[in-house]
Amino acid sequence: MEIIGSLFGYVLWFAYELVHSYALAIIIFTVIAKLVLFPASVKQQKSMAGNARMQKKMAALREKYANNKEKLNEETQKLYSQEGMNPYGGCLTSIVPMFIMLGVFYAVAYPLTNTLHISKDMVASAKDVLVSIPGLNVGTTAMYGGQIDILKYFGSFESIQACFEGGKHSIAEIGEFCSSFNLTGFNLLETPSQHGFSVYLLIPVLCFVTSVGSQYFIQKLNSNGAPQQGCMKLMILALPLFSAYIAYTVPSAVGFYWICSTVLGFVQSLIMHYFFGPDMMIARGEAARVALLEQEEARVQEVR
């Protein structure tokens, strides 16, 4: 993940150099990441639409062969073959984007080593200085190597600045980078849990709302009217609640990235559903079946 995060970090740095705002750079970066993942997302959408298309046929087979599991498995395999579907086809297209998105997360959560590409030794020295300063509440230091906390307090302590002297970036450049986390008075270096009831609560709340909303509408579109299973209903709430809790306990930059990623992912899903939704896939499948029948009839007429 560190290797992937470092590679994506170059993209994030490129975006930052364009706009000199870390918040806007995250948005640009997320768009680029979605474009990179788009082919895998299309395959996943096709697989989901194909599975939704087969639900009625699968239900008919289960009813017909309810007392003959061996025959049911045989007919199920035939159905998948006839439809050109792979029962495990969506697994790889789900796993690969997940690993890439974890790499993207590492690029955002570890800005010093992955975005600025500052040496780990310098970052470690700055972390040691940070935790030795009395009175600072650096609760995320252990989880994220203290990198966002280092940026948060960079301009306040010369002892932290001294750790980066002679490095890849000057003290002034790192200071400018720290200032770029301000978005219309909203500091993405701040952690919502450290501010109680404040405007920073919008980050975890939006993480939850956007995640639940996008999952609910996308699954409703892809289910083609079929009722959702209990486990799916649970996941719609469980994962967003977990992400909201994490967003509450970590610097706002991480939660802001999740919100951007969720919103852009929802827009991408709507676009893909328009082209590869269950209704569209059914129509294309029927058109292909009719075309195949016409070709077979033409061959029979030629033989006659």
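Now for a description of the structure that goes with this document.

1. Let's talk about the overall build of the protein chain
Part 1: A count of helical and extended segments in the protein chain gives 14 helices and two strands.
Part 2: Looking at the protein chain alone, contacts between residues at least 24 apart form 72% of all its contacts between residues at least 6 apart.

2. As for the pattern of salt bridges
Part 1: Tallied over the entire structure, the rule returns one salt bridge.
Part 2: Of the charged contacts in the structure, one is a salt bridge between Lys 152 and Glu 190, with a shortest N-O distance of 3.0 Å. You can see Lys 152 sitting in helix H8 (residues 147–153) and its partner Glu 190 sitting in the loop between strand E2 (186–187) and helix H11 (202–223), a full 38 residues away along the chain.

3. Side note on a nonpolar patch on the surface
Part 1: A cluster of nonpolar side chains, Phe 14, Leu 18, Val 19, Leu 24, Ile 27, Val 31 and Leu 35, forms an exposed patch at the surface whose accessible area comes to about 620 Å².
Part 2: In terms of residue count, helix H2 (residues 22–64) provides more of the nonpolar patch than any other element does, four residues in total.
Part 3: Note on placement: Val 31 falls in helix H2.
Part 4: Val 31 sits in the partly exposed class, given a relative accessible area of 35%.

4. What to know about the environment of Phe 256
Part 1: Within the fold, Phe 256 resides in helix H13 (residues 252–276).
Part 2: When the C-alpha atoms of Phe 256 and Ala 23 are compared, they prove to be 8.0 Å apart, with 233 residues separating the residues in sequence.
Part 3: Setting aside residues up to four positions removed in sequence, Phe 256 forms contacts with Ala 23, Ile 26, Ile 27, Leu 183, Leu 188 and Ile 203.

5. Let's talk about the state of the cysteines
Part 1: A complete count under the given rule lists zero disulfides for this structure.
Part 2: The thiol sulfur of Cys 207 is not disulfide-bonded, and the nearest other cysteine sulfur, from Cys 260, lies at 9.6 Å.
Part 3: Relative accessible area serves as the criterion here: at 3%, Cys 207 is assigned to the buried category.
Part 4: A relative accessible area of 11% places Cys 260 in the buried class.

6. Quick word on the side chain of Ser 21
Part 1: Topologically, Ser 21 is positioned in the loop between helix H1 (2–19) and H2.
Part 2: Apart from residues lying up to four places away in sequence, Ser 21 is in contact with Tyr 16 and Ser 180.

7. Side note on the environment of Leu 7
Part 1: Examined against the element boundaries, Leu 7 turns out to sit in helix H1.
Part 2: Considered as a pair, Leu 7 and Ala 107 are 100 residues apart in the sequence and their alpha carbons are 8.1 Å apart.

8. Here's the deal with the packing of aromatic side chains
Part 1: A full pass over the atoms with the stated rule returns nine aromatic pairs.
Part 2: Look at Tyr 22 and Phe 181: their rings are 4.2 Å apart centre to centre, the planes differ by 20°, and that puts the pair in the stacked class. Here the residue Tyr 22 occupies a position in helix H2, and Phe 181 occupies one in the loop between helix H10 (171–179) and strand E1 (182–183), the gap between them amounting to 159 residues. No difference in accessibility class separates Tyr 22 from Phe 181, as the two residues are buried.
Part 3: Here a set of aromatic residues connected by ring pairs shows up, and it is made of Trp 13, Tyr 16, Tyr 22, Phe 177 and Phe 181.

Scoring rules and cut-offs
Residues numbered from 1 in each chain as written. Predicted model: local features only at pLDDT ≥ 70, side-chain atom pairs only at ≥ 80, totals over all residues. Heavy atoms only, no water. Helix = DSSP H or I, 4+ residues; strand = E, 2+ residues; numbered from the N terminus. Contact = heavy atoms within 4.5 Å. Salt bridge = Lys/Arg side-chain N within 4 Å of Asp/Glu carboxyl O. Patch = residues over 30% accessible without salt bridge, like charges linked within 9 Å, V, L, I, M, F, W, Y side chains within 5 Å. Areas by Shrake-Rupley, 256 points an atom, 1.4 Å probe, with all protein chains shown as cover. Buried < 20%, exposed > 50% of the residue type's maximum accessible area, 1.4 Å probe, protein only. Disulfide = S-S within 2.5 Å. Phe/Tyr/Trp six-rings, centres within 6.5 Å; stacked < 30°, edge-to-face > 60°.

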